[in-house]
Amino acid sequence: MADDKDEEPVNKAEELAKKEEYPEVIERLLKYYDEFSDVNIDKLDELYHKDVTFIDPIHQVHGLDDLKSYFKGTMEGVEQCHFAFTEYAENGAHVFVNWQMRLCHPKLGGGEEIVVPGVSHLEFKDDKIIQQRDYYDLGAMIYEHVSLLGYVIHKIKERMVP
């Protein structure tokens with residue numbers, strides 16, 4: 001993991017892409033998710049293994065075709081989605097990547113940008129991602145930005161803090 005905490009996320013992302021163990025697949029990951037709203041779903045096979053398992057707080061899918069369908073569905077109506085990778089750690093065949101997603105969707109938060117921090121745990125096979133588990137606050141991403149539901153969540157949080 002990079003020790004210099006003053007580096008910009010882009011520099012850490014570039015450093016991550018230069019790691020010796022998975023240089024090509026990590027570089028593809030960074031490029032693919034840089035402007036996620038503009039991605040070509042059909043190019044997922046360049047990054048993900050055909051038997052990939054993808055898990056996030058919304059859904060779990062198995063296989064490349066299901067992942068393509070899932071991403072197509074989640075990107076409907078999204079105006080902008082960008083991932084900035086900030087920190088990483090490696091442990092053998094496992095890579096953990098911290099990121100920040102910036103998302104604009106007309107039905108969430110009045111179309112304003114929503115910033116959601118998260119972490120991905122990646123495992124590799126044949127130089128492709130065979131398993132990805134994303135951890136992030138689904139409430140911060142969606143629930144808090146839906147009018148009535150956001151109001152209720154805000155009130156619940158207020159009651160929890162003394």
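Above this text is the structure in question.
Residues numbered from 1 in each chain as written. Predicted model: local features only at pLDDT ≥ 70, side-chain atom pairs only at ≥ 80, totals over all residues. Heavy atoms only, no water.

Topic: the side chain of Asp-56
Here Asp-56 is to be found in the loop between β1 (48-55) and β2 (60-62). Despite its burial, Asp-56 pairs with no opposite charge; the closest candidate is Arg-133, at 9.6 Å N-O. Within the structure, Asp-56 has its side chain in polar contact with the backbone nitrogen of His-59 (distance 2.8 Å). Side-chain polar atoms of Asp-56 contact the side chain of Tyr-70, separated by 2.7 Å. (Helix = DSSP H or I, 4+ residues; strand = E, 2+ residues; numbered from the N terminus. Buried < 20%, exposed > 50% of the residue type's maximum accessible area, 1.4 Å probe, protein only. Lys, Arg positive; Asp, Glu negative; His and termini not counted. Salt bridge = Lys/Arg side-chain N within 4 Å of Asp/Glu carboxyl O. Polar contact = N/O pair within 3.5 Å; in protein donor to acceptor, adjacent residues only side chain to side chain.)

Comments concerning the side chain of Lys-68
Position of Lys-68 among the secondary structure elements: in helix α3 (residues 64-74). Put simply, Lys-68 is tucked away with no salt bridge, and the nearest opposite charge, on Asp-65, sits 4.7 Å away. What Lys-68 contacts, discounting residues up to four positions off in sequence, is Ile-41, Asp-42 and Leu-44. (Contact = heavy atoms within 4.5 Å.)

Quick look at the pairing of strand β5 (residues 114-125)
Pairing between strand β4 (residues 94-104) and β5: 10 bridges, direction antiparallel. Bridge pairing links Leu-103 to Ile-114 in β5. Direction of pairing for β5 relative to strand β6 (residues 128-136): antiparallel, over a ladder of eight bridges. For Leu-122, the partnering residue across the bridge sits in β6 and is Gln-132. (Pairing = 2+ DSSP bridges.)

Things to note about the sheet that holds strand β3 (residues 80-91)
The strands that make up a sheet pair up through hydrogen bonds in the backbone, lying either parallel or antiparallel. If you trace the six strands from one edge of the open sheet to the other, you get β2-β1-β6-β5-β4-β3, paired in mixed fashion. Either end of the sheet is taken by a strand with one partner, and the two such strands are β2 and β3. On average, each strand axis in the sheet is tilted by 20 degrees relative to the strand beside it, whichever way the strands run. Where α3 meets the sheet, it contacts β1 and β2, and its direction lies at approximately 55 degrees from that of β1. (Axes fitted to C-alpha atoms, helices over the stretch in contact; angles between N-to-C directions.)

With respect to the pairing of β4
Here β3 pairs with β4 via 11 bridges, running antiparallel. Considered in β4, the bridge of Ala-84 is made with Gln-100. Remark: two residues form the turn of the hairpin made by β3 and β4, two consecutive strands paired antiparallel; Gly-92 in that turn has positive phi of roughly 65 degrees.

Focus: unusual backbone geometry
Not every positive phi belongs to a glycine, and Asp-126 is a case in point at roughly 55 degrees. In this structure, Asp-126 sits in the loop between β5 and β6. Even without glycine at this site, Asp-127 takes up a positive phi of about 65 degrees. Here Asp-127 is to be found in the loop between β5 and β6.

So, the environment of Thr-86
Residue placement: Thr-86 occurs in strand β3. You can call Thr-86 partly exposed: its relative accessible area is 23%. When the C-alpha atoms of Thr-86 and Pro-117 are compared, they prove to be 9.9 Å apart, with 31 residues separating the residues in sequence.

Comments concerning the state of the cysteines
This structure, assessed with the given rule, holds zero disulfides. No disulfide involves Cys-81; its sulfur sits 9.1 Å from that of Cys-104, the nearest cysteine. (Disulfide = S-S within 2.5 Å.)

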